[in-house]
Amino acid sequence: MNAQKKVVLASNNPHKLRELRELLKPLSLDLVSQSHWNIQSVEETGSTFVENSLIKARHASAHTGLPSIADDSGLVVPSLNGDPGIRSARYAGDHADANLNNHLLLHRLYEKNDSERDARAYFCAVLVYIDSVNDPMPEISIGTWHGQIVRSSRGSNGFGYDPLFKPDGMSLTAAELEPATKNKQSHRARASQEFVERLKTRLGN
C-alpha cells in the first residue's frame, strides 16, 4: 500500500473522524470526512448495522470515486426489544440530539419499577471497507461492548449514549473514561482491531 492512501470516511461526525483516525493509525491512511466534499448523509434504509454501513460506504465512494470506510453503531437494550438499535442516533426523532435521545432512553427504561426492567445493554459497532462503489467483497468487522445503563448522565469525555453506559467491570461510564482507555475497550475499538488486521492484508501494508 502506498503511504497515506486517501480513503473517505462516510460520516460528517467530527467525533467519529477523530476516534477512527486514532484507532486506524497503524494503517497510515489519509482518512478524510465526506464533509470535505459536501456530501450529505444518505438515508439509512437497512434493517441491520451491517446493511446501513454498506449503504453509507457505497454512497461516499460513489460521490468521490475513492475507497471508503463506514461504520454503523448503536446501543442495544434487550429489555426494550433491542431499541434504540439501528435508530440510536435518531431515537427521539430525525432531528433529535444526544440529550433528547438519552432522556427518552431513561424514560422508557425506568418508567417501570426497577424490579421489572433489566438495564443490561451493549454497544455494537460495524466497520466496513470497500475499494469502490461496486466492490463485491467488502471487509466487515464487528465489535461489541457490554454493560448497563445508569440512571443519570455522568461524564463529558464521550458522545451519544456514553454518559449513560457503564461498561462491565468498571465503576465509570464511557463518558468518564479517558479517551485512551475508551479507545482500548470500546465496541469500535474491538471492531477496529480485527479491521486493521484485515486491511493490512488487503492493502499490502
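Treat the numbers as computed from the prediction; the structure is a model and nothing was measured.

A few points about the overall build of the chain
Item 1. When you go through the chain residue by residue, the secondary structure sums to five helices and six strands.
Item 2. Order of helices (α) and strands (β) in the chain, N terminus to C terminus: β-α-β-α-β-α-β-β-β-α-α.
Item 3. A globule of 205 residues ought to have a C-alpha radius of gyration of about 17 Å, and the chain, at 17 Å, matches this closely.
Item 4. Principal-axis analysis of the C-alpha atoms places the extent of the chain at approximately 55 × 30 × 25 Å.
Item 5. The contacts in the chain between residues at least 6 apart in sequence include a share of 61% that link residues at least 24 apart.
Item 6. When the accessible surface of the chain is summed, it comes to about 10100 Å², and 47% of that surface belongs to carbon and sulfur atoms.
Item 7. The distance from the centre of the 24 positive side-chain charges to the centre of the 24 negative ones in the chain is 3 Å.

Description of helix α2 (residues 49–64)
Note: α-helices contain 3.6 residues per turn, so residues at a spacing of three or four share the same orientation.
Item 1. The end-to-end C-alpha separation of α2 is 23 Å, in line with the 22 Å expected for 16 residues at 1.5 Å each.
Item 2. Listed in full, the buried residues belonging to α2 are Phe-49, Asn-52, Ser-53, Leu-54, Lys-56, Ala-57, His-59, Ala-60, Ser-61 and Thr-64.
Item 3. Buried residues along α2 sit in contact with β1 (5–9), β3 (68–76) and β4 (120–130).

Considering the pattern of salt bridges
Item 1. Across all of its chains, the model carries 18 salt bridges by this definition.
Item 2. For Arg-120, the salt bridge is made with Asp-168, and the minimal N-O distance between the two is 2.8 Å. Within this pair, whereas Arg-120 is found in strand β4, its partner Asp-168 is found in the loop between β6 (165–167) and α4 (179–185), the two being separated by 48 residues in sequence.
Item 3. Since its relative accessible area comes to 43%, Asp-168 is described here as partly exposed.
Item 4. Where Glu-139 meets Arg-198, a salt bridge forms, and the shortest distance between an N and an O atom there is 3.4 Å. In this pair, Glu-139 is assigned in strand β5 (residues 139–149) and Arg-198 in helix α5 (residues 187–203), connecting sequence segments 59 residues apart.
Item 5. The partly exposed category is assigned to Arg-198, whose relative accessible area is 34%.
Item 6. One continuous salt-bridge network, built from bridges that share partners, spans Lys-16, Glu-19, Asp-71, Asp-162, Lys-182 and Arg-188.

Procedures and definitions
- Residues numbered from 1 in each chain as written.
- Predicted model: local features only at pLDDT ≥ 70, side-chain atom pairs only at ≥ 80, totals over all residues.
- Heavy atoms only, no water.
- Helix = DSSP H or I, 4+ residues; strand = E, 2+ residues; numbered from the N terminus.
- Rg over C-alpha atoms; globule rule 2.2 N^0.38 Å.
- Contact = heavy atoms within 4.5 Å.
- Areas by Shrake-Rupley, 256 points an atom, 1.4 Å probe, with all protein chains shown as cover.
- Lys, Arg positive; Asp, Glu negative; His and termini not counted.
- Charge placed at Lys NZ, Arg CZ, Asp CG, Glu CD.
- Expected span 1.5 Å × (residues − 1).
- Buried < 20%, exposed > 50% of the residue type's maximum accessible area, 1.4 Å probe, protein only.
- Salt bridge = Lys/Arg side-chain N within 4 Å of Asp/Glu carboxyl O.

Honestly, that's just the spatial picture; any functional story needs more than this.
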